[in-house]
Structures are given as C-alpha cells and as structure tokens.
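# Residue-level structural notes
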Amino acid sequence: MRVETSRKPVNSVADETLITPSESFPSAPKYERFHDRGCSAWRRKFSLFYKELFIESQDSETREMIGIFTNGDDGKRQLLVHHYILLVICIVIVAIVTLSITLTVRLKHPKPNVVLIVADDMGYNDIGYYNQHNDIRTPVLDSLSQEGMRLDRYYALAVCTPARAALFTGRYPFRYGMQGARPLLSGVKTGLPESENQILPQVMKEAGYRTYMVGKWHLGFSKWTYLPIKRGFDYFYGMYGGYSDYFTHQTVENRTLKVFDLHEHTKNEDGTIKIPTEADKASLINETFNVYSELLFTEKAMNIIEKHDGKDPLFLTVCYMNPHAPLEVLDEYLARVPQHVDNEIRRNFSALMSSLDYGVEGIVSALKMKGMYEETIIIFTGDNGGAVQGPVTSHSLGGTNYPYRGGKWTNWEGGVRVPAFIVGPGIPKNVSSNALFHITDWLPTLAKIVNVKPKKELDGVDQTDLLLHSGSSARSDIILELDPMVHQAAIVKGNYKLIVGPAGSKPYNDIYEPLNGSAVFYKGMYTKQYKEFSDAVTQLQHQYEEASSKSDYNINDMNNVGEFSATVVSLYNLNHDPSESHDLFTDTGRFRNIARELYDVLKEKAENEMVKLILYGQSGGKYKDSTHSFEEIQLGSGETMNKWYPWLDANKK
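Residues numbered from 1 in each chain as written. Predicted model: local features only at pLDDT ≥ 70, side-chain atom pairs only at ≥ 80, totals over all residues. Heavy atoms only, no water.

### Quick notes on the packing of aromatic side chains
Rules: When two rings of Phe, Tyr or Trp (its six-membered ring) have centres within 6.5 Å they constitute a pair, described as stacked for plane angles under 30 degrees, edge-to-face for angles over 60, and tilted for the intermediate range. Strands are runs of DSSP state E lasting at least two residues, helices are runs of H or I lasting at least four, and both sets are numbered from the N terminus onward. Each residue gets one of three labels from its accessible area relative to the maximum for its type: buried under 20%, exposed over 50%, partly exposed in between, using a 1.4 Å probe on protein chains only. Both a distance and an angle decide whether a charge sits over a ring: NZ of Lys or CZ of Arg must be within 6 Å of the ring centre and within 35 degrees of the ring normal.
Evaluated as defined, the whole model comprises 22 aromatic pairs. Plain terms: the ring middles of Phe380 and Phe421 are 5.2 Å apart, the flat faces sit at 25° to each other, and that makes the pair stacked. Of the two residues, Phe380 sits in strand E11 (residues 376-382) while Phe421 sits in strand E12 (residues 420-423), which places them 41 residues apart along the sequence. For the pair formed by Phe380 and Phe421, the shared burial category is buried. Their ring planes at 55° and their centres at 6.5 Å tell us that Tyr496 and Phe591 sit as a pair that is tilted. Of this pair, Tyr496 sits in strand E17 (residues 496-500) while Phe591 sits in helix H15 (residues 590-608), and the two are 95 residues apart along the sequence. By way of ring pairs, the aromatic residues Tyr124, Tyr129, Tyr130, Phe380, Tyr404 and Phe421 are connected into one cluster. Taking NZ or CZ as reference, Lys300 lies 4.6 Å from the ring centre of Tyr237, over its face.

Take a look at the structure:
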C-alpha cells in the first residue's frame, strides 16, 4: 500500500462522481452461541435425520432394511444394529467436534475487539451525514454510522489536549490541571500526570487485551513515563505533538525550528521499552519522508489487524491528524471534492475529510478480511469542534460547525459538540440518539463491557443501557469547562447551557449562516475580521504566559472564574435555541433561578474538586521551568534528522 506521494497542485480537477464504499470485501463469519440454541438445534437435526431415513424414505433398499427389523433375520438385524450404532457414534463424534470448534471460535473471546478512531479538528458540519452544504463527502463514514448508533448530542472539549486527556482518563481535565483552551506545546516538560494511572489502554490491558496505538498522542513526551508505550499500550506508532507536515512529518516549533515527529515504540519480552537506535531513527525517516501521514497510519493499523493472532482480544486506537491544519492533500482526494466548492481552503479541508474517510475504509476492510468485523466494536469520535478560521499558527483553517455557533477554542456548541458514532455486536443499527453523551463516558462504558471495575473516581458514566438497549442517557449534565486562568466556565444540564465569562474570541463568536449552498465562513478570511482573530489569539496566548508566571491566584475561588452577574453569565435553551443566539439570563425570575442552580454546580466543583493548573506556557526559546532550549533536546543533525525525543529522564526507560 505504501507509495511515494507528492504535494497537490494548487488547481486540481474535481470529479463530481459520488464515491461509494467498497462492497468487495466478504462479510465475517457469524457463529451461534451454544447455550442459546445449540442443544435444541442438534436434537431437531437428529429427529429429522431419523424421520427421513426410516419413515419418509421410499427407495427399495431402505424398505428392505426396515423389513429386516420388522420381519426378522436375526443375523442381519444384529449386523444392521451394529452398523447403525457405529453410524450414530460417528455422527455424535462429528457433532461434538463441530460444536467444540464452533465454541472455540465464538467464545475464544467473550469480550469484543475494540477499535477507537479519533478525528482531529472535525466540525459538526464537516462529516457527510450532517453536512448541509454538499461540500463534504464521507460515504464510508456515512455508511458505517448506519451500521450502528449515531450520537447526535455528543460533547467533547474545546481543544485537543484536554479532549484527549478526558477521553483516556474518563475524568474532567480540571481534576488534574489540564483544562482550558490550551493545547500542549511540543517540547514542554510536562504531560498527562502520572497519577492518572487508570487510563483507557490500562483498563483494556487489565481486561486481557492486546493494546496498540497509531497516530497523534499530544499528551506529553518530555519523560518516558509520559509516552503511550508506558501508559498501557503495547505498541505505538505515531506523533508525539499536536500537528506536523503531512509529508515531511516535521513539526514547526518556535516558528523556525523544524523537528521530525514520527516514532515507533515496541516492548521487549520483559515489558521494558525497546529503545530505537540511531540507525532505527534514520531508517524510519528514510522510509516515511514524503509519504502521506494518513496512508502511513492506515497502513500501520491494517497491518496490526492482519497480524493479530487472535489469542487475546484487540484494542486498537487510531488517532488521525485529519483534518487538522496544515491543509495539505493528495490529488486523488481533491478529485472527490464536489466541483462547486471553489474556495481553495474549503476544498483542501474537504479533501482531508475524504482522506480520513479512505483511511477508515481501510481499517474496516482489514477487519472484514481477517474475519473480525462482526466481533468488533468501532467507536468514531471527534476531539473538538472545527477550526472555522485561522490562524492559531501561520496556517489558515477550514472547518464549519453549522448550525452551531463558534468553533474550536470556544465553549459555544460549535467548539464542543462533535460527530460521533458506535458500531458493533449488540449495538442497534441505523439509530440516531439525542441522548446526552460526553467524551469521558467511553472509559466507564468500555470498562463495563470488558468487565473491569474502575478503581478511580470517574466523571464519565456507564452508557451501556443507552448503547445496547436504546435506553436513556445515564447523565443529566456535563461540565464543559472550568478554567480560572482566563476566567471561563460552562455547563450543560438538560436543555439548558450556562456560560461564565467569554465563550471565545471573535470571530469564533459568530453564527455562520448558509449562503448560496455553502457556508459564509469564507467571508472575511483575509480581511479585518481575520486580523482581529489573529490578534485575539495572540492576546490569549499572552494571557496564558502571564498567568503561568503567577502562582498566587486562588484556584478555589469561583470569582476567579467569574462572578454571578448579567455582565458575565449567559444562559441558553439549546432545545429552542441550538445556535445560542438568545441569552435568557435576567436579574430576576425563573431563568435567573435556573442560571443560579447551574452556577452553583460549577462553584461547588471549583471549590472542592478543581486542582491547580499545570502551567505549560513557553517563552522565547526556553521552556518554562526548564533550562533546556529547543536545540538541546533535539537529536540527530540536518533538517530532516532533527527529532523530538524524551529528554528529562533519558536513563529511566
């Protein structure tokens, strides 16, 4: 599958033909459980066999045999009895062997395989089955979602690092200091705290699974103990940081330094990490340079499935970078974008979604070819809302979250409400659920399915009743944010949503309306509005850096997040006003009481459960609280040989 690839030309011819999912792969075999119908089925088979042989058969030889039994040649009768006894014994032996094989295959793993697929910066309007402007085509994801349950009221977090932390821990990030619209910058000396020692791969490992991760980690790598290979995964292939070039796999830090960020980690037989040699690193660079990252990740995931020996159930996490910036695409994916999409930024973004769709098709086809599809749970989720305008870096972005307000970095619905679905054994097919679901719910839900009882207090809830029986949601509220550093908080309870402090900077506050069959997010892309956004992001990062240098603010004071007043608090009824355009908060009356109730929930969490923020801002060429510069923590030489690697505990592997 691996092919050399090149960057797409600026102008590419689009094919209006709708791409349909491949139907050339065979379905996986289905096996019946013995205790459900095995015994009665075999009794029926023996009864029918006897009836056909001894009663309904009309041929002369059979009638002669029946006559022997009824009219009697004792010698022949005895011989036939012996023959039939031998025949019955043989049939019973064959039946026992057949049942044994069936039971071995079907019940080898009473626990299903689990494949978790994460998309990066995919907006609500950026997947085919929600897209209202016919500028995104994801036929594989659309078709696959119909094989299970779409989660139409599914929430993540506003930015990638906190979202991934919540996904893996099953806990709100404010419990371990990683909340806020702050992605972890590559090279800083922190990561997901080691005290979070019951994350999803560790739960699956406890349940007897083989655990693999492919793709984007983004939860720290300054120490070996932060890496996925030390957090429950048996194998890791992917990137440490938040984003990189899709072809060179270099991440740009400090605006100038280019560092190769693609790694492969395995374990020795004794469970220790197999440390790559310099030759291994050079080989990885040579093999992957100028090969498109989605193809690399898909190929690796397919190889893992193909080589899985079946002795233990499989847990495979695939975190694609698609459709995160930079918007770099291949010609074959551009050809799938509808011709009427003439904005280059949106065309490239749409092509990145086609690339993601192709990758998911490869994973599904590998499961089917291996005969694992029917016994595999597939979870697909976004990490945060689409980045509607840029740049956060020097790149322009291209997502949309229509009909919701805002986007990535914000607590508006467009920043935290994302597409998600689940497919697998026991999951009802072609169902759309509007039940409340949060990204933290996957850990306790999967723990229940694989029969592991979490030991740590979780914020996620077990949603198996919803997923297996189309029941109601097991949760009534979600805390979306609690960040004292920049004075933001948000909570959803029932149909109501309370936002404390600014939900986001312009233009992320905007509500994007359709225009001529497309989205007006194109408007003002390089105008004053764009400049305002760039300035706002710069100002926000300065706020974080300034706050990072302080340690005297009281984290247990809700007033540090925002006081309860009309100038700070906003209330919305999401059922009647999903685009959050009508603030219901008033100084008196029923809505004030609702707002006060939700505010008090946030206040209680802030005072009793929020811990001090992990501060990982950076300043200049040095990292906060570190004497290491960019140049000091890289390995190798030459533009393509610079490589991120753990540097704080090189002797503690």
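### A closer look at the environment of Thr272
Turning to its location among the elements, Thr272 is positioned in the loop between strand E8 (263-267) and strand E9 (273-274). By relative accessible area, Thr272 is classed as partly exposed at 36%. Between the C-alpha atom of Thr272 and that of Ile229, which follows or precedes it by 43 residues, the distance is 9.4 Å.

### Things to note about the sheet that holds strand E20 (residues 569-573)
Using the following cut-off: Strands were regarded as paired on the criterion that DSSP finds at least two bridges between them. In this analysis an axis means a line fitted to C-alpha atoms, helices contributing only their contacting stretch, and an angle means the value between N-to-C directions, from 0 to 180 degrees. Whether two residues are in contact is decided by their heavy atoms, any of which lying within 4.5 Å being enough.
Strand order across the open sheet formed by four strands is E15-E16-E17-E20, with antiparallel pairing between neighbours. Each edge of the sheet is formed by a strand with only one pairing partner; in this case those strands are strand E15 (477-483) and E20. Strand after strand, the sheet turns through a mean of 10° between neighbouring axes, direction not considered. Across five bridges, the pairing between strand E16 (residues 488-493) and E17 is antiparallel. By the bridge assignment, Ala490 is partnered in E17 with Ile499. In this fold H15 packs onto E15, E16, E17 and E20, with an angle of close to 60° to the strand it touches most, E17.

### Concerning unusual backbone geometry
With omega at -5°, the peptide bond leading from Asn322 into Pro323 counts as cis. Counting through the fold element by element, Pro323 comes out in the loop between strand E10 (314-319) and helix H9 (331-334). In this model, Tyr402 is joined to Pro403 through a cis peptide bond whose omega is 10°. When you line up the elements, Pro403 lands in the loop between E11 and helix H11 (413-416). Although it is not a glycine, His218 sits at a positive phi angle of roughly 60°. Inspection of the secondary structure puts His218 in the loop between strand E4 (210-216) and strand E5 (235-239). A positive phi angle, close to 55°, is found at Glu580, a residue other than glycine. Position of Glu580 relative to the elements: it lies in the loop between E20 and H15. Note on Glu580: relative accessible area 0%, which makes it buried.

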